[in-house]
Amino acid sequence: MILLIDMDSFFASVEQAHHPHLRGRAVIVCGDPSRRGVVTAASYEARPFGVRAGMPLQEAKRLCPDAEYVEGNPDKYVGVSLQLLDLYVQYTPDVEPFSVDEAFVGLGRRAPTLERAIEIARVIQREIDARFGLGASIGVGPNKLIAKMASGVHKPRGLTAFDEAGFCEHFWPLEVQVLWGVGPQLAARMRSLGISTVGDLARAPAALLKGSFGVIGPQLKEAAHGKDDTPLVPYHQGVDAKSIGHEVTLPRDCADRDDLLGTLLRLSDQVARRTRTEGFVARVVALKFRDHRFRTRIRQRALDTHTDDHARIFTVARELFETLWNGEPVRLIGVSVAGLAREATDQTELFASDRRTRALRQALDRVRDRLGEASVVPAGSLGYRRALGHVPFGSVASRSPGAARSKPR
Amino acid sequence: MFETLNDPVDVLTAFTDGKLEPLRFRWRGSVIRIRKVTGRWSRREGQALLRYFSVEGPASDTYELCYDPRGPRWVLNRAWTSGNRE
């Protein structure tokens, strides 16, 4: 049996647990509340006002002006998430983090029946509450699909278990979009074929599904029956990332080319640093930006060879930016890399200058490993830092304790 | 709202069973007794492991303290006291 443990409104709940006066009140976690941005998480008390994650902060303040707006702290949430994983591995080593606030827990022979799995789930749920003051909703099932979908049935602090028959009984009357992995576009295509519910999908002819959706067609039909053979991958075995990226919502719409390029340089440097730290090289660079009319554009370009160099990533990101940007104010900008590999299989260092550049990167990485990420940054991004003084989830200055008293640069 | 401070503070600290536990701290001329540690987490900055504590003081005021081993020193990062509640 498998559990999917989903922390209820995780970021907001952590703040309520750490700051008891926030309990029972509408709490909205965001970037710097004095600047604009988006809602990162809303407590259950804030949801009746219509506040949702991803909503612009201005709209949230209009809907729920009396909420407590708390600047989020990713280090804190990751720290608590790791402490939760430590708790789960006391029950079984088969723990697969699914996101910062969700994890699959494989019970294997410890729980041969649904009833035994429910007992263990209940104990874990109580321990999460006792040790962390946090609520969790848990789904229980014979596979990851059923556990994941069951976890969303009763929230917050729910505990829902299905076998395959129970899964079909509960989900078949519901809209097909509730099925894990079926997004709005896929659901629309299904509806055009007369498939509106999970049950319709389960009963649809396999040939129709294969003809319409290719190889995933039969898999979707299996999923509608609650069947899933996706293995649980314990996190000590690790799973490689598919992409690495950073993005930032600017404090105000920006049409200044130098500021935008400085931002791109800083983001490229962060992405390259993470790529190297995690032992990857990348073959694809992508640029994302959203203009002041909330139009989002994403473009990517493949490189001739793999790289982990911020200058190469920035060069491509800048070219993509110059192609896409029409001079209108920009609200959000992001850089990511994909096509990740553990080692470059191509010839990346033909010349001595390449080797010198690599040696320099390694030296700078050693400085950062020792003194922290803000110890060395590209000079071209300093203007951006002065202009914004703020990166997602906190100012650069505040990342160094006591730094607020230091003189501005 | 939280008040962001990053004020260096003196903290009476217990080191027991390999654990670090703040007991009380001096801030703005007052000694604040910590009633309860409500949360803890850590963050690596270069080689240094910074330890953070959410703590509850009298009258349900809450604070976030950071122990930086490079000093060593304590820093009061944020406070939410009855004085700054809205």
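Sequence positions are assigned chain by chain, starting from 1 and proceeding in written order. Ligands are numbered from 1 and chains lettered from A, in the order in which they are written. Per-residue local features of the predicted model are confined to residues with pLDDT of at least 70, and side-chain atom pairs are confined, for both listing and counting, to 80 or more; whole-chain, interface and lining totals are unaffected and use all residues. To obtain the side-chain values, all non-hydrogen atoms of the structure were used and water was disregarded.

A. Up close: the overall build of chain B. Only DSSP runs of H or I reaching four residues or more are called helices, and only runs of E reaching two or more are called strands; each is numbered from the N terminus. Check the secondary structure of chain B and you find zero helices and seven strands. Reading the helices (α) and strands (β) of chain B from amino to carboxyl end gives β-β-β-β-β-β-β. Against the globule reference of 12 Å for 86 residues, chain B gives a C-alpha radius of gyration of 13 Å, in line with a compact fold. For chain B, the C-alpha atoms occupy an extent of roughly 40 × 25 × 25 Å along the three principal directions. The long-range share in chain B, meaning contacts at least 24 apart out of those at least 6 apart in sequence, stands at 34%. Note on areas: Shrake-Rupley, 1.4 Å probe, and residue coverage restricted to the protein chains presented here. A total accessible area of about 4,400 Å² is found for chain B, and carbon and sulfur atoms account for 47% of it. The quantity called the radius of gyration is restricted to C-alpha atoms. Its globule counterpart is 2.2 Å times the number of residues to the power 0.38. In this analysis, two residues are considered to be in contact whenever any of their non-hydrogen atoms come within 4.5 Å of each other.

B. Examining the pairing of strand β4 (residues 68-71) of chain A more closely. Residues and elements named next belong to chain A. Judged by which residues are buried, β4 turns out to be covered on both faces: E68 and V70 on one side and Y69 and E71 on the other are all buried. Pairing analysis gives four bridges linking strand β2 (residues 27-30) to β4, with the strands arranged parallel. The partner of V27 across the bridge, within β4, is E68. Accessibility here uses a 1.4 Å probe with only protein chains present; expressed as a share of the type maximum, an area under 20% marks a residue as buried, one over 50% as exposed, and anything in between as partly exposed. Two strands are counted as paired when DSSP detects at least two bridges linking them.

C. Geometry of the sheet that holds strand β9 (residues 243-254) of chain A. Residue and element names in this part refer to chain A. As summarised here, the arrangement of the four strands in space is β9-β12-β10-β11, forming an open sheet in which the pairing is antiparallel. Of all the strands in the sheet, just β9 and β11 (296-307) have a single pairing partner and so form its edges. Between one strand axis and the next, the sheet turns through 15° on average, direction left out of account. Relative to β11, strand β10 (residues 282-291) runs antiparallel, the two sharing eight bridges. Bridging across to β11, F289 finds its partner in R297. Together, β9, β10 and β12 (330-338) form the strand contacts of helix α11 (residues 257-277), whose direction differs from that of β9 by roughly 155°. Simply put, an axis is a line fit to the C-alpha atoms, just over the touching stretch for a helix, and the angle between two N-to-C directions goes from 0 to 180 degrees. Against the sheet, helix α12 (residues 310-324) touches β10, β11 and β12, its axis set at about 145° to β11.

D. Representation of a nonpolar patch on the surface. Note on patches: the residues involved have over 30% relative accessible area and no salt bridge, like charges join within 9 Å, and the nonpolar side chains Val, Leu, Ile, Met, Phe, Trp and Tyr join within 5 Å. Salt bridge, as applied in this entry: a Lys or Arg side-chain nitrogen positioned within 4 Å of an Asp or Glu carboxyl oxygen. Nonpolar side chains collect at one region of the surface, where V78, L82 and V100 of chain A lie side by side and expose about 220 Å² of accessible area between them. Mapped onto the fold, L82 of chain A is located in helix α3 (residues 74-88).

E. Layout of the layout of surface pockets. Residues and elements named next belong to chain A. Computed over the protein atoms alone on a 1 Å grid, cavities are sets of points where a 1.4 Å probe fits but cannot get out and pockets are open sets with protein on both sides within 12 Å along at least five of seven lines; a residue lines them when it has an atom within 4 Å of a point. Grid points are joined across faces, edges and corners, and a volume is the space filled by probe spheres set on the points. When its volume is computed, the second largest pocket comes out at roughly 420 Å³. In this structure, the second largest pocket is lined by 16 residues; those nearest its centre are Q219, A223, K227, D228 and T230. Counting residues per element, the ones that place at least two in the lining of the second largest pocket are β5 (95-99), α5 (144-151) and α10 (216-224). Of the residues forming the lining of the second largest pocket, the biggest block, five residues, is contributed by α10. Gly falls in the polar group here, along with every residue not listed as nonpolar (Ala, Val, Leu, Ile, Met, Phe, Trp, Tyr, Cys, Pro) or charged (Asp, Glu, Lys, Arg). Per-class residue counts for the lining of the second largest pocket are seven nonpolar, three polar and six charged.

F. Structural detail: the packing of α11 of chain A against α12 of chain A. All names here are of chain A. Where α11 meets α12, the closest approach of the two axes is 8 Å, and the angle between their N-to-C directions is 140°. In terms of orientation, α11 and α12 fall into the oblique class. When you trace α11 past α12, the crossing you get is right-handed. Residues R257, L260, L261, L264, L265, S268, D269, A272 and R276 of α11 pack against H310, I313, F314, A317, R318, F321 and E322 of α12. Across the contact of α11 with α12, the residue classes tally to nine nonpolar, two polar and five charged. Under this scheme an angle from 65 to 115 degrees is roughly perpendicular, one under 35 degrees roughly parallel, and one over 145 degrees roughly antiparallel; angles in between are oblique. By the definition used in this description, the sense in which the near helix is turned from the far one sets the handedness, with an anticlockwise turn below a right angle giving left-handed and a clockwise turn giving right-handed.

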